[in-house]
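Structure at a glance
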Amino acid sequence: MSLDKLMTAIAEQGWYVWDDFLTAQQVHELRETIPADWHKAKIGRSDDAHRDVERRSDKIQWLKADMGLPVMDYLERMEQIRLHVNREFFLGLFEYEAHFAKYEAGDFYEKHYDSFQGNTNRRLTTVFYLNENWTAENGGELKLYDNKDRLIDTLAPRAGRLIVFLSEDFPHEVCVSHAQRYSIAGWFRINGVTEDRLDIAR
Ligand SMILES: O=C(O)CCC(=O)C(=O)O
Ligand SMILES: [Fe+2]
């Protein structure tokens, strides 16, 4: 079972690629539920919007259960992963936050860690892709590196593919996309308090 494979891979190498996590039909339904309400992505909770533009150029919107059944179903699947990971690794993952992302032709996200100042309680990253018939010419690959900056893998954003990795251990980047590229990036977080307030995902 793939959930077991995910657990083994996370334990042994810290990352996993789960192809056909959803069927083509489920991917299609998920894409259909995305509202048209895109806004420019920012990095962490920083307000330095100008700098952010240089590092990433995608647009996002946060997943909410009331966006529809496909989104509820996706969040429920993430909840199952959260419970399994907590049971096996005692990571104490407390909640999940995720956003749809849209990269237009020319968009990219420079190499980064998902756990950084302002987001230090991110522990496990998920990226899910919604792009049917993606070709090599479309670019937009995810490049995953180890913490010594050695390239581990180059992954096309193919529909149905879920990638999971430990947020603190794997720098990664999104190569320039030459076509519209849709994804759901999400993070399991531990409970945290930052700047005198309880830090809970919206
Ligand atoms: O879309 C991807 O392949 C990765 C996106 C990403 O790294 C992020 O949003 O933090
Ligand atoms: Fe990332």
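Attention in this report is confined to the structure presented alongside it. Just so we're clear, the structure is a prediction, and the values are computed from it rather than from any experiment.

Notes on the environment of Gln26
Tracing the chain through its elements places Gln26 in helix H2 (residues 24-32). Gln26 sits 104 residues away from Leu130 along the chain, and the two C-alpha atoms are 9.6 Å apart. Within the structure, the side chain of Gln26 is placed 2.8 Å from the backbone nitrogen of Thr23, a separation counted as a polar contact.

As for the sheet that holds strand E4 (residues 95-103)
One open sheet holds the seven strands; their spatial order is E1-E9-E6-E11-E4-E3-E2, and the pairing between them is antiparallel. Each end of this open sheet is capped by a strand with a single partner; those strands are strand E1 (15-18) and strand E2 (39-40). As paired strands, strand E6 (residues 122-129) and strand E11 (residues 181-189) are joined by seven bridges and run antiparallel to one another. The residue of E11 that forms the bridge with Leu124 is Phe188. Relative to the sheet, helix H1 (residues 2-12) contacts E1, E6 and strand E9 (162-166), its axis offset from that of E1 by approximately 155°. In this fold H2 packs onto E4, E6 and E11, with an angle of close to 100° to the strand it touches most, E6.

What to know about the coordination of the iron ion (ligand 2)
Coordination of the iron ion (ligand 2) by the protein comes from His112 (NE2), Asp114 (OD) and His172 (NE2), over a distance range of 2.0 to 2.1 Å. Residue His112 is classed as buried on the basis of its relative accessible area, which comes to 7%. Assessed through its relative accessible area of 4%, Asp114 is described here as buried.

Considering the packing of aromatic side chains
Two aromatic rings, taken as a pair, are described by how far apart their centres are and by the angle between their planes. Going through the model one piece at a time under the given rule, you end up with seven aromatic pairs. Between the aromatic rings of Trp38 and Tyr182, the centroid separation amounts to 6.1 Å while the plane-to-plane angle is 50°, which identifies the pairing as tilted. With Trp38 in the loop between H2 and E2 and Tyr182 in strand E11, this residue pair connects regions lying 144 residues apart in the sequence. A relative accessible area of 17% places Trp38 in the buried class. Owing to a relative accessible area of 12%, Tyr182 belongs among the buried residues under this scheme. Within the aromatic cluster, the residues linked to one another by ring pairs are Tyr16, Trp18, Phe21, Tyr74 and Phe128. Its guanidinium or amino end placed over the ring of Tyr145, Lys111 lies 4.0 Å from that ring's centre, counting from NZ or CZ. Its end group placed over the ring of Trp187, Arg122 keeps NZ or CZ at 3.7 Å from the ring centre.

Details of the nonpolar core
In terms of nonpolar packing, the biggest core is built from 32 residues, with Tyr74, Ile81 and Phe128 touching the most fellow members. When near neighbours in sequence (up to four residues on either side) are disregarded, Phe128 contacts Phe21, Leu22, Val27, Leu30, Tyr74, Gly160, Arg161, Leu162, Tyr182, Ser183 and Ile184. Judged by nonpolar contacts, the second largest core, of 21 residues, contains Trp62, Ala101, Tyr109 and Ala185.

Side note on the pattern of salt bridges
This model, assessed by the stated rule, comprises eleven salt bridges. A salt bridge links Asp58 to Arg56; the shortest N-O distance between them is 2.8 Å. Each member of the pair Asp58 and Arg56 is classed as buried. Its salt-bridge partner being Glu97, residue Arg189 comes within 3.4 Å of it at the nearest N-O pair.

Each value, and the rule that gives it
Residues numbered from 1 in each chain as written. Chains lettered and ligands numbered in written order. Predicted model: local features only at pLDDT ≥ 70, side-chain atom pairs only at ≥ 80, totals over all residues. Heavy atoms only, no water. Helix = DSSP H or I, 4+ residues; strand = E, 2+ residues; numbered from the N terminus. Polar contact = N/O pair within 3.5 Å; in protein donor to acceptor, adjacent residues only side chain to side chain. Pairing = 2+ DSSP bridges. Contact = heavy atoms within 4.5 Å. Axes fitted to C-alpha atoms, helices over the stretch in contact; angles between N-to-C directions. Donors = N, O, S within 2.8 Å, 3.2 Å for Na, K, Ca; no water. Buried < 20%, exposed > 50% of the residue type's maximum accessible area, 1.4 Å probe, protein only. Phe/Tyr/Trp six-rings, centres within 6.5 Å; stacked < 30°, edge-to-face > 60°. Lys NZ or Arg CZ within 6 Å of the ring centre and 35° of its normal. Core = buried A, V, L, I, M, F, W, Y, C linked by side-chain atoms within 4.5 Å. Salt bridge = Lys/Arg side-chain N within 4 Å of Asp/Glu carboxyl O.

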